[in-house]
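# Observations on the three-dimensional arrangement
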Amino acid sequence: MTVAQYSDTAMVAATVGFIVAFFLHVAEWAFAGGLGERRNPDGSEDAKRTNVDLLGRLAVAATIVAAALNVFGVVTRGLAAGRPPWGNMYEFVTSAIALVAVVYLLCLWRWGMRWLGIGVTLLAALMLGLAVTVFYVDVAPLVPALHSVWFIIHIIAAVIAAAGFNIAGVASLLYLVRSWAEDRAIRRGDDLTGYLAKLPSLKGLDTFAHRMHAFAFPIWTFTIVAGAIWAQYAWGRFWNWDPKETWSFITWVVYAGYLHASLTAGWRGRGAAAIALLGLVTFWFNFIGVNLLFSGLHSYAGI
Amino acid sequence: MREWLRWGWAQLTSMRTALILLFLLALAAIPGSIIPQQSISPIEVMDYKAEHPELDRIWEPLGMYHVYTSPWFSAIYLLLFISLIGCITPRIAKFARDLRKPPPRLPSRLDRLPASATVDTPVDDALGIAEAWLKSKRYRTLRTDDGISAERGYLRELGNLVFHLSLVGVLVGLAWSNLGGFIGTVVVVEGRGFANAITQYDDFTAGAWVDTDALEPFSLRVDHFDARFETGRVQRGAARVFDAYVEVTDEGVTTDHLLTVNDPILTSGGTQVNLLGHGYAPNVTVTDGNGDVAFSGPVVFLPQDGNFSSVGVIKVPDGRPQRLAFEGFFFPTAVLDQDGPKSVFPDALEPELWINAWYGEPADETGIPESIYTLNTAGLEPVLGDGEERFRARMKPGAAFSLPDGLGSISFDGYSRWVKLQMSETPGNPVALTSLAIGTLGLCLSLFIKPRRLFVRLGDGVAVGGLDRSDTALGLEDEVSELAEALTKESE
């Protein structure tokens, strides 16, 4: 096998790994039904709790394997191409997902944030699946438009911002889910039980989402600025309302809205979380939709 | 009336209005990415209008072909900026006052604060040690007989203000570039030159402050353009190398430059020269009916697809007794199949020139400008070949054809490449870029600095307490207990 083939195989295997991890998390959620937030003092539920926890641990194990394969796939892709592996959609997605998985595992290791797992593995399975089936292109050199040091700066920043926004988006989504579930539980007069009860409190989810967004937003700002500087070199003007530029601007404005909303009474909480998810939609649309639907200066090799 | 104005202003500068304007701005930016824009691609706009006449009736009056300069888009961002300035100005004044004010007064009961602790056996000189501890953590302190108030994190508001002001700076830079800058393109064939004067441009837009008769005096000559394409299996035909060898004469000094896509030439007067595109210019020689050479040289053909199937017009107005004109197709790597000729690779591996011809009585010079890329056939007759069919010629380099009826002849001598150069001046860029750099820094401060207040109060023992002034700060309890520990007397 050539290096490129190793890379392709690793990426497919990583996709399978993330799918397995996601379903293990789903099983964890399903089997956690009825379990309260705290352990029963009489120990009657202990066996069930152990089993649920085992599913979560297995999911983490699968995620670690998948993330390692994903990173291996990205590195070998770069080696096979003899350049940073960010020249097309396939390479960008696989790199971004590798970083999302690694950041998630770091959060897990450092702060025990296993609750991010279900969202992260779903995202990774979907995006890597899309990458290996739809976006895949063979290894090839870069077009002259990408021969620039700004290519590396611009894309690294975009990949990091992507990882931050996606992980933050998972937290915002779980915030919404938990807040609806709490409302339902209050209407029924019960305590929240099951998987959702094991999530951090709404305040905790909100704080994490806000901090993650606050981390990603300046990096996204820098991504756009670096892109503008590069555009000045490449096209003689730093802003041209090219569809990609327009949508990165839209993404920026939506996330700016999120940051303002999370400081404004009446928008805090659910409103802000919904805006954050809208921001994530514009982010992915900018990345996938713009390449596939519009022609512009950012279309290099089709996909 | 004053009340209404005051109410309107309060509405405009409210956070809710700012949020709504932000979403409107995002929404208003969308159509410009879907509908072709005049400033980006006038040709696409023309095609779009022809294809969707019923939509065009709606889009045209709404200004959908120039969204980003349209009144409604401008209205949204100008309102947003007014709202921003209205929001920021009072906060600047307040921040200036806060900076001069000492930390807030000591609350009477610290145990009501979000985090608090009591030290039963405090060290001697607890306040002195607490003050030193707080100062080492970069708190501003106010010490009274009762205790200490301390505050940190003033940079958050500073960063916030700086960031929002820098957005105004970006807008100023953009406006300056628009008013004081220009952008123009020109097609230059290998071996030919360009002098920076408005008459030489194919396409030119300048701001109101630009004296278009006194552009920076420089000139350049394109010696050679080297284009290479992927010949392997993967991404076959994709561009790999675009190198233009250009000689620039600037302030009397001539220097050689290698001009590539990401490496523009910057002249001494601040004009930037970019390489935007390239194409083919077949070299032809046309001999008229009198046997005189009526035209000789390269003719710029415009590429129609990724493999550079190109179309162009060869006009020979000086042909006598009849003037001549040719419509041509150039295929750098020509292949003939059932759909007709086409090019299958962007490089000139198998170049062919296909032409048909027109003739007519010599026309008067009218001085009316006409496109060099289209043929106005008024007063021209198609040249017919054998059997009254249209005369067509398919030529490889070196080939020549005689037109029927002694009208003349044409030879295809080879091809040159041309490059599309863009000259631009954007004087507002340094302002915009500096604003962006400072603004990004301010943004980071406003997001990462967490303002916090800590208090120490003497009583039975020593009470310590604190509160965060941002929602997402972490570690308040830890810091309060750390401070309490620092004030606890070690048991012997």
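Residues numbered from 1 in each chain as written. Chains lettered and ligands numbered in written order. Predicted model: local features only at pLDDT ≥ 70, side-chain atom pairs only at ≥ 80, totals over all residues.

By the naming in an unreviewed UniProt entry, chain B goes by Cytochrome c biogenesis protein and is assigned to Tessaracoccus oleiagri. Entered under Subcellular location (unreviewed entry) in the UniProt record, the comment concerning chain B runs "Membrane". (UniProt positions renumbered as here; feature names shortened; annotations may be inferred.)

Per an unreviewed UniProt entry, chain A goes by the name Cytochrome c-type biogenesis protein CcsB and belongs to Tessaracoccus oleiagri. Per UniProt, the comment on chain A under Subcellular location (unreviewed entry) is "Membrane".

### Observations concerning the domain arrangement of chain B
Residue and element names in this part refer to chain B. Splitting chain B by domain gives domain 1 (2-96), domain 2 (105-153 + 450-486), domain 3 (179-278 + 422-438) and domain 4 (284-364 + 371-415). A C-alpha centroid distance of 31 Å is found between domain 3 and domain 4. Contacts between the two partners involve five residues from domain 3, matched on the other side by seven residues from domain 4. Within the residue set of the side of domain 3 that touches domain 4, elements represented by two or more residues are strand E4 (182-189) and strand E7 (218-229). Partitioned by chemical class, the residues of the side of domain 3 that touches domain 4 number four nonpolar, one polar and no charged. (Domains from an automatic or database assignment. Contact = placed C-beta atoms within 7 Å. Helix = DSSP H or I, 4+ residues; strand = E, 2+ residues; numbered from the N terminus. Nonpolar A, V, L, I, M, F, W, Y, C, P; charged D, E, K, R; others polar.)

### Re helix H2 (residues 15-29) of chain B
Over its 15 residues, H2(B) extends 21 Å from the first C-alpha to the last, a length consistent with the 21 Å expected when each residue adds 1.5 Å. Turning to H2(B), its buried residues number three or more, namely Ala18(B), Leu19(B), Leu21(B), Leu22(B), Leu25(B), Ala26(B), Ala28(B) and Ala29(B). Structurally, H2(B) contributes buried residues whose contacts are with helix H8 (243-261) of chain A together with helix H3 (31-34) and helix H6 (71-100) of chain B. (Expected span 1.5 Å × (residues − 1). Buried ≥ 20, exposed ≤ 12 C-beta atoms within 10 Å, placed from the backbone.)

### Some thoughts on the packing of helix H3 (residues 89-111) of chain A against helix H4 (residues 117-135) of chain A
Helix-helix packing: each pair is described by the crossing angle between the helix axes and the interaxial distance. All names here are of chain A. For the pair H3 and H4, the least separation of the axes is 9 Å and the interaxial angle reads 160°. Looking at the two axes, H3 sits roughly antiparallel to H4. As H3 runs across H4, the sense of the crossing is left-handed. Contact residues: H3 offers Met89, Tyr90, Val93, Thr94, Ile97, Val100, Ala101 and Tyr104, while H4 offers Val120, Leu123, Ala124, Met127, Leu128, Ala131 and Phe135. Among the residues forming the contact of H3 with H4, the class breakdown is 14 nonpolar, one polar and no charged. (Axes fitted to C-alpha atoms, helices over the stretch in contact; angles between N-to-C directions. Parallel < 35°, antiparallel > 145°, perpendicular 65-115°, else oblique. Left-handed = near helix turned anticlockwise from the far one by under 90°.)

### Details of the domain arrangement of chain A
Residue and element names in this part refer to chain A. Assigned domains of chain A: these are domain 1 (1-141) and domain 2 (148-303). Relative placement of domain 1 and domain 2: their C-alpha centres are 20 Å apart. Going through the elements one at a time, helix H1 (3-31), H3 and H4 are the ones with two or more residues in the side of domain 1 that touches domain 2. The leading source of residues in the side of domain 1 that touches domain 2 is H3, at eight residues. Within the side of domain 1 that touches domain 2, the residues separate by chemical class into 18 nonpolar, six polar and two charged.

### Points about the sheet that holds strand E23 (residues 452-458) of chain B
Residues and elements named next belong to chain B. Reading across from one edge, E1-E24-E23-E3-E2 is the order of the five strands in this open sheet, with antiparallel pairing throughout. Across the chains shown, the open sheet's two edge strands, defined by having one partner strand only, are strand E1 (115-119) and strand E2 (140-143). Between one strand and the next, the sheet's axes are offset by a mean angle of 15°, whatever the strand orientation. Note that E23 and strand E24 (residues 462-468) share seven bridges and pair antiparallel. Paired with Phe455 across the two strands is Gly465, which belongs to E24. (Pairing = 2+ DSSP bridges.)

### With respect to the environment of Arg453(B)
Residue and element names in this part refer to chain B. Mapped onto the secondary structure, Arg453 falls in strand E23. Note: C-alpha distance between Arg453 and Arg152 (301 residues apart in sequence) is 6.6 Å. Apart from the residues lying within four places of it in its own chain, the contact partners of Arg453 are Pro104, Ser149, Ala150, Glu151, Gly466, Leu467 and Arg469.

### Quick look at the interface of chain B and chain A
Each partner contributes residues to the interface: chain B has 40 residues there, and chain A has 42 residues. The element best represented in the side of chain B that touches chain A is H2(B), accounting for nine residues. Looking at the side of chain B that touches chain A residue by residue, the classes come out as 23 nonpolar, 14 polar and three charged.

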